[in-house]
Amino acid sequence: MDYKKAGVDIEAGYRSVELMKEHVKRTMREEVLGGLGGFSGAFSLAKIKEMKDPVLLSGTDGCGTKVKLAMILDKHDTIGIDAVAMCVNDIACAGGEPLFFLDYIACGKNYPEKIAAIVGGVAEGCVQSGAALIGGETAEHPGLMAEDEYDLAGFAVGVCDRSEMITGEDLKTGDVLLGIASSGVHSNGFSLVRKVFSMDRETLETYREELGTTLGEALLAPTKIYVKALASVKAAGVRVKGCSHITGGGFYENVPRMLPEGVRAVIRKDSYPVPAIFGMLQKEGDIAEQMMYNTFNMGIGMVVAVDEKDVSKARAAIEAAGETSWVIGHIEAGEKGVTLC
């Protein structure tokens, strides 16, 4: 008896590391010390010392049951973008710059090419966000997971000067809410998605006219990363007063998280075009509208609050970063919460 016969292939692990090295190289920042394969990832804080009052920000998350679709379609090169996006968007939402990311892949069996494809997606997410991929772990769990199954999670660390943190504490009546477009469902609500649509390859590979693509491609579209858009707004001299990453819980749970007591967010549902995938989900799943907005992002991945005088400048900066935004609402006095009308 040996470890391989027990279900853990050490040689496959070595092969995975070799295949992923080229992906990891794409993400390197000058602060990274050492290479892939050490017991820990090292990152110099020399630049951070230049800040007046540096604050470290962290975020950890996974892709939820969206990984099930990747497994069904045998497409693993974008799910890593989702894992990075879910972490770095939260850091950017607080005003931070993501510095580095580490991933964790648990699998029933280590297939090196599949693991390398997953890490390739993680690396792409890191490139999009400017974070370095400085380490990770691939763990085989024979007997706990089926051989063709895996799960993916990770965490990121970022930094900002305390004076530039986005806290929402001085939001006031009249401030304007901008919504930045999502790419679709992103990485939340897939337990419901998988109840609405049949999770078989034939269904997922069927072209849907209203989507302009197959159902599977629409659902697997990777989560948007908003780091560069928010950095562009900051570079334009616009102060973001509040920011909300629309993830699990949709508008109803996430928008209030950026609000102080005494103010309320009012969002107009007709202020932007809702992507077709959400209409399809609602119709085929017979889902109440309130539940849709309490589960999905409904086409808005990030809500940004700015002073009324900064709206044009902020939207121009978001567009310059390659993203689309709309004026979707405003802040008014009232009980902390959100009104969708």
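Definitions and limits used
- Residues numbered from 1 in each chain as written.
- Predicted model: local features only at pLDDT ≥ 70, side-chain atom pairs only at ≥ 80, totals over all residues.
- Heavy atoms only, no water.
- Salt bridge = Lys/Arg side-chain N within 4 Å of Asp/Glu carboxyl O.
- Buried < 20%, exposed > 50% of the residue type's maximum accessible area, 1.4 Å probe, protein only.
- Core = buried A, V, L, I, M, F, W, Y, C linked by side-chain atoms within 4.5 Å.
- Helix = DSSP H or I, 4+ residues; strand = E, 2+ residues; numbered from the N terminus.
- Contact = heavy atoms within 4.5 Å.
- UniProt positions renumbered as here; feature names shortened; annotations may be inferred.
- Pairing = 2+ DSSP bridges.
- Axes fitted to C-alpha atoms, helices over the stretch in contact; angles between N-to-C directions.

Draft legend 1. Quick look at the pattern of salt bridges. What the rule picks out here adds up to 19 salt bridges. The partner of lysine 309 in a salt bridge is aspartate 310, with the nearest N and O atoms 3.4 Å apart. Residue lysine 309 is classed as exposed on the basis of its relative accessible area of 67%. Here the salt bridges share partners, and the residues they tie into one network are Lys172, Asp175, Lys241 and Asp307.

Draft legend 2. Quick peek at the nonpolar core. Ranked by internal contacts, the top residues of the largest apolar core, which has 93 residues, are Tyr150, Leu177, Val185, Leu219, Phe251, Val255 and Leu281. Considering every element that reaches this core, the biggest residue donor is helix α3 (residues 79–93), with 10 residues. For valine 185, the residues in contact, after removing those within four places along its chain, are Phe190, Val193, Leu219, Ile277, Phe278, Leu281, Phe296 and Asn297. Of all hydrophobic cores here, the second largest spans 10 residues; its members include Phe100, Leu102, Ile134 and Val157.

Draft legend 3. Representation of the UniProt feature "domain: PurM-like N-terminal" (unreviewed entry) in the protein chain in the model. Taken from the UniProt record, the annotation "domain: PurM-like N-terminal" (unreviewed entry) applies to residues 55–159. The annotated region residues 55–159 carries 39% helix and 36% strand content, and the separation between its end C-alpha atoms amounts to 6 Å.

Draft legend 4. A look at the sheet that holds strand β5 (residues 132–140). Taken in spatial order, the four strands of this open sheet run β3-β6-β4-β5, and their pairing is mixed. Looking at strand neighbours, the two that pair on one side only are β3 (54–62) and β5, the edges of this open sheet. Taking each pair of neighbouring strands and ignoring which way they run, the sheet shows an average axis angle of 15°. Where β3 lies against strand β6 (residues 150–161), nine bridges are found, and the strand directions are antiparallel. The residue of β6 that forms the bridge with valine 55 is cysteine 160. The strands touched by α3 within the sheet are β3, β4 (97–107) and β6, with β6 carrying the most contacts at an inclination of about 30°.

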